[in-house]
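# Summary of the model geometry
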Amino acid sequence: MSKLSKEQIKELSNKKFVLGRLKLKCDGYVITLRDGIYKRKVRTDISVDGWLKGQWLVEPDAHPESKFFMPFVRYIKMSPQSKKREKIELGMRRPDFASIGQALRHLNKVCDSVELIEENDCES
């Protein structure tokens, strides 16, 4: 069960994949990471085996593919005078990440094995 090293994550996060894509094999699934523009910001989109299904995001407990997506959380102030914030999980998932590095760190954390697939090894 191999995972990506910190050096590999740093090297891959310095590359830009706006027109291309980065493919990984995580726990038997083919994960595709692609940079895209959303509200004038570059975000990293993720797909599992070439698909992104809404039920994976809305019902994360019923689908094993949901673990690859980012948990959707909000931070709420405890009181108007306090600077402390409380983290509240909304029970849903997000299909995008702030950067490729954030996506790779999340995949390293939730998966048992993460391998980089070379472009000439891909079927499509």
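Presented here is a report on the structure given in the accompanying data block. Each chain has its residues counted from 1, running along the sequence as written. Side-chain atom pairs in this predicted model are given and counted only at pLDDT of 80 or more, local residue features only at pLDDT of at least 70, and totals for whole chains, interfaces and linings cover all residues. Note that water and hydrogens are dropped before the side-chain values are worked out from all heavy atoms of the structure.

What follows concerns the overall build of the protein. The helix and strand tally for the protein stands at three helices and seven strands. Put simply, DSSP H or I for four residues or longer makes a helix, DSSP E for two residues or longer makes a strand, and each gets a number counted from the N terminus. Reading the protein from its N end, one meets helices and strands in the order α-β-β-β-α-β-β-β-α-β. What sets the accessible areas is the Shrake-Rupley method with a 1.4 Å probe; for residues, cover comes only from the shown protein chains. Total accessible area on the protein stands at roughly 8700 Å², and carbon and sulfur atoms take up 51% of it.

Here Asp-35 shows up in strand E2 (residues 29-38). Three exposure classes are used, based on accessible area relative to the maximum for each residue type with a 1.4 Å probe and protein chains only: buried under 20%, partly exposed in between, and exposed over 50%. Given a relative accessible area of 8%, Asp-35 falls into the buried group. In protein, a polar contact requires one atom able to donate a hydrogen and another able to accept it; more generally it is a pair of N or O atoms within 3.5 Å, and residues adjacent in sequence count only if both atoms are side-chain atoms. In this structure the side chain of Asp-35 is engaged in a polar contact, spanning 2.8 Å, whose partner is the side chain of Thr-44.

Think of it this way: a Phe, Tyr or Trp ring, Trp meaning its six-membered ring, pairs with another when their centres are within 6.5 Å, and the plane angle makes it stacked under 30 degrees, edge-to-face over 60, tilted otherwise. If you walk through the whole model with that rule in mind, you get two aromatic pairs. Where Tyr-29 meets Phe-68, the ring centres are 5.4 Å apart and the plane angle is 70°; that geometry is what we call edge-to-face. A residue pair is termed long-range when its members are at least 10 positions apart, and Tyr-29 in strand E2 and Phe-68 in the loop between helix H2 (54-58) and strand E4 (70-77) qualify at 39 residues. With a relative accessible area of 0%, Phe-68 lands in the buried category. Ring-over charges, as used throughout, are those where CZ of Arg or NZ of Lys falls within 6 Å of the ring centre and within 35 degrees of the ring normal. Geometry around Trp-51 places Lys-53 over its ring, the cationic atom sitting 5.6 Å from the centre.

If you look at the biggest cluster of nonpolar residues, it comprises 22 residues, and the most contacted ones within it are Ile-31 and Leu-104. Looking at this core, the elements with two or more residues in it are helix H1 (6-14), strand E1 (22-26), E2, strand E3 (41-48), H2 and helix H3 (100-110). The dominant element in this core, judged by the number of residues it contributes, is H3, at four residues. We call two residues in contact when some of their heavy atoms are within 4.5 Å. Excluding anything up to four places from it in sequence, Ile-31 contacts Leu-22, Lys-23, Leu-24, Cys-26, Ile-46, Ser-47, Val-48, Phe-68 and Leu-107. Take the buried Ala, Val, Leu, Ile, Met, Phe, Trp, Tyr and Cys residues and link them wherever side-chain atoms come within 4.5 Å; each set so joined is a nonpolar core.

Further remarks concern the pattern of salt bridges. Criterion for a salt bridge: a side-chain nitrogen of Lys or Arg within 4 Å of a carboxyl oxygen of Asp or Glu. The full count for this structure, using the stated rule, is three salt bridges. The partner of Asp-96 in a salt bridge is Arg-43, and the shortest N-O contact between them spans 3.1 Å. In this pair, Asp-96 sits in strand E6 (residues 96-97) while Arg-43 sits in strand E3, placing the two residues 53 residues apart along the sequence. A network of salt bridges, in which partner residues are shared, links Arg-43, Arg-94 and Asp-96.

Now for the environment of Thr-44. Looking at the element boundaries, Thr-44 is found in strand E3. Owing to a relative accessible area of 1%, Thr-44 belongs among the buried residues under this scheme. Spatially, the C-alpha atom of Thr-44 lies 6.2 Å from that of Ala-98, the residues being 54 residues apart in sequence. Dropping the residues within four chain positions of it, Thr-44 is found in contact with Leu-33, Arg-34, Asp-35, Pro-95, Asp-96, Phe-97, Ser-99, Ile-100 and Ala-103.

Attention now moves to the sheet that holds E2. As summarised here, the arrangement of the five strands in space is E6-E3-E2-E1-E7, forming an open sheet in which the pairing is antiparallel. If you trace the sheet from one side to the other, it starts and ends with E6 and strand E7 (114-116), each paired once. Examined bridge by bridge, E1 and E2 share five bridges and lie antiparallel to one another. Paired with Cys-26 across the strands is Tyr-29, a residue of E2. The axes used here are C-alpha line fits, helices contributing only the stretch in contact, and every angle between their N-to-C directions lies in the interval 0 to 180 degrees. Its contacts with the sheet place H3 against E1, E2, E3, E6 and E7, and it is angled at close to 10° to E1. Two strands pair if DSSP finds at least two bridges between them.

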